[in-house]
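This is what each chain is made of:
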There are 2 protein chains.
Amino acid sequence: MLRLRHFALCPFSRSIRLVLQELNLAHELVAEGADAAVPGAQGLALPADLPLLELEEGGVVAGAYAISEYLDELVGRGVIDARGPRPFPGSGEDRAEARRLVDWFHRRLDREVTQQLLAAKAWPRLLSSAPAGAPSSAALRAAHAKLRQHLDYVGYLADTRRWLAGDAPSFADLAAAAHLSVLDYLSEVPWEGAPSAKVWYARVKSRPAFRPLLADRLSALPPPAHYADLDF
Amino acid sequence: MLRLRHFALCPFSRSIRLVLQELNLAHELVAEGADAAVPGAQGLALPADLPLLELEEGGVVAGAYAISEYLDELVGRGVIDARGPRPFPGSGEDRAEARRLVDWFHRRLDREVTQQLLAAKAWPRLLSSAPAGAPSSAALRAAHAKLRQHLDYVGYLADTRRWLAGDAPSFADLAAAAHLSVLDYLSEVPWEGAPSAKVWYARVKSRPAFRPLLADRLSALPPPAHYADLDF
């Protein structure tokens, strides 16, 4: 069986948990500690960010980028019996648009917002020795301002398309939802100021694939009451 | 003809210039200003990092991730008459290994080293108003320490494999070389302490695809003499 090494509040791990669920691929989860998810950590057996997908035949596919493309190829070639559509559906240009957005969320939103707020709110509670370089209050203000811009852009996409990358759901929806779900776990998403993004997120959050993420609970950092509420 | 919007010292742009050359695909370059390459800039027509690939039929493929995969698909499907091998050659697992490394260089090396040293050495010379958040001297020391670790890892790969991702050259070599060439332009690579990485880089740098990059000259920030020297 496939085995995924992940961390509960790692947005990359969450995006792959979502795609495995959407594809209905049997897999086992192995929870890593928070220290494996801090950027710059050298704790994994090979240089990569979480998650790691261990294959039945023994190889390892490392990182959300390689895993999402690996699964897309398996589904595309009909090698695995997946229930869902390909993570990158459609024409070459449709696929390029989904990848532009994945890159936007997994690199830009991650660097500008998610990692900043994890460093401020999660690592001090979850790590025995918090890594150096906790964000300053100016950096946190900048992260909150960037988050509002990212929410506006998600809302713009949600208003003008059926799904973020086009007519079909894609890995871009899952990558964006992975980050927003981490930020929502930290109570950091100003939903009241982002009605269009909220409607889209409520739709993704209601999918059966999302349920395991909503059941995540870290005892040292419990989520707010609205986190698992589909009617937030 | 394909048209690539790029910036001379943008590592993502450089990786795509290299792959277009390796594939021998006719294309036209349009130089953007440094302000389009600063992370966080909102200067482009759509939310993406440089480069942008404008297609003959009118679409735009945005960002190194989407462009590299788009070109790989075109070559794989035989749609374009490319001379070189696919950017991601081999089996599904071979391709995953190349992607792990691309992600490592384009996300980790970029964040930990390349963007820090561009912010310290390039943006103050190239931008009329340097963006806020120039790295502290402690951050620069950390970036230099990280660079030595990355060079060690490149050297380890070069010592144990023919090319960074395996037996065949791949986009992983081009992504790594793109970052190192930017850092070399800034005179920031301690080659004397990284003999294995240097041997690999000299091999990549000698390829005809590299020549246009070695001819890059920014008048406000000229490269060191050894930058274009194949015998550096």
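Residues numbered from 1 in each chain as written. Chains lettered and ligands numbered in written order. Predicted model: local features only at pLDDT ≥ 70, side-chain atom pairs only at ≥ 80, totals over all residues. Heavy atoms only, no water.

1. Quick word on the relation of the copies chain B and chain A
At an RMSD of 0.0 Å, chain B and chain A line up after a rotation of 180 degrees and a shift of 0.0 Å along the axis. The superposition operator between the copies reduces to a two-fold rotation axis. Residue R107 of chain B of chain B places its C-alpha closer to the rotation axis than any other residue of that unit, at 3.6 Å. Here 100% of the interface residues in chain B have copies in chain A that are interface residues too; the copies meet face to matching face. (Least-squares fit on C-alpha atoms with pLDDT ≥ 70 in both. Contact = heavy atoms within 4.5 Å.)

2. Let's talk about the pairing of strand β1 (residues 2-6) of chain B
Residue and element names in this part refer to chain B. Burial of β1 is one-sided: the residues L2, L4 and H6 facing one way are buried, the residues R3 and R5 facing the other way are not. Handedness of the crossover joining β1 and strand β2 (residues 27-31) through helix α1 (residues 11-22) is recorded here as right-handed. The pairing of β1 with strand β3 (residues 52-54) spans three bridges and is antiparallel. Paired with R5 across the strands is L52, a residue of β3. (Buried < 20%, exposed > 50% of the residue type's maximum accessible area, 1.4 Å probe, protein only. Helix = DSSP H or I, 4+ residues; strand = E, 2+ residues; numbered from the N terminus. Right-handed = clockwise from strand over helix to strand, strands pointing away. Pairing = 2+ DSSP bridges.)

3. Quick look at the packing of aromatic side chains
Counted under the stated rule, the structure contains 19 aromatic pairs over all chains. Between Y65 of chain A and Y65 of chain B, the aromatic rings sit 4.6 Å apart at their centres with planes inclined by 65 degrees, giving edge-to-face as the arrangement. In this pair, Y65 of chain A is assigned in helix α2 (residues 64-76) and Y65 of chain B in helix α2 (residues 64-76), connecting two distinct chains. Between the aromatic rings of F7 of chain B and W123 of chain B, the centroid separation amounts to 6.2 Å while the plane-to-plane angle is 40 degrees, which identifies the pairing as tilted. (Phe/Tyr/Trp six-rings, centres within 6.5 Å; stacked < 30°, edge-to-face > 60°.)

4. Some details on the interface of chain B and chain A
Each partner contributes residues to the interface: chain B has 40 residues there, and chain A has 40 residues. Taking both partners together, chain B and chain A bury about 3300 Å²; carbon and sulfur atoms supply 52% of that area. Taken together, the links from chain B to chain A amount to 10 salt bridges. At the surface where chain B touches chain A, the tally comes to 10 residue pairs in polar contact (both at pLDDT 80 or more). Of all the secondary-structure elements, those providing two or more residues to the side of chain B that touches chain A are β4 (60-62), α2, α3 (92-126) and α4 (137-160) of chain B. (Buried area = accessible area lost by both parts, 1.4 Å probe. Salt bridge = Lys/Arg side-chain N within 4 Å of Asp/Glu carboxyl O. Polar contact = N/O pair within 3.5 Å; in protein donor to acceptor, adjacent residues only side chain to side chain.)

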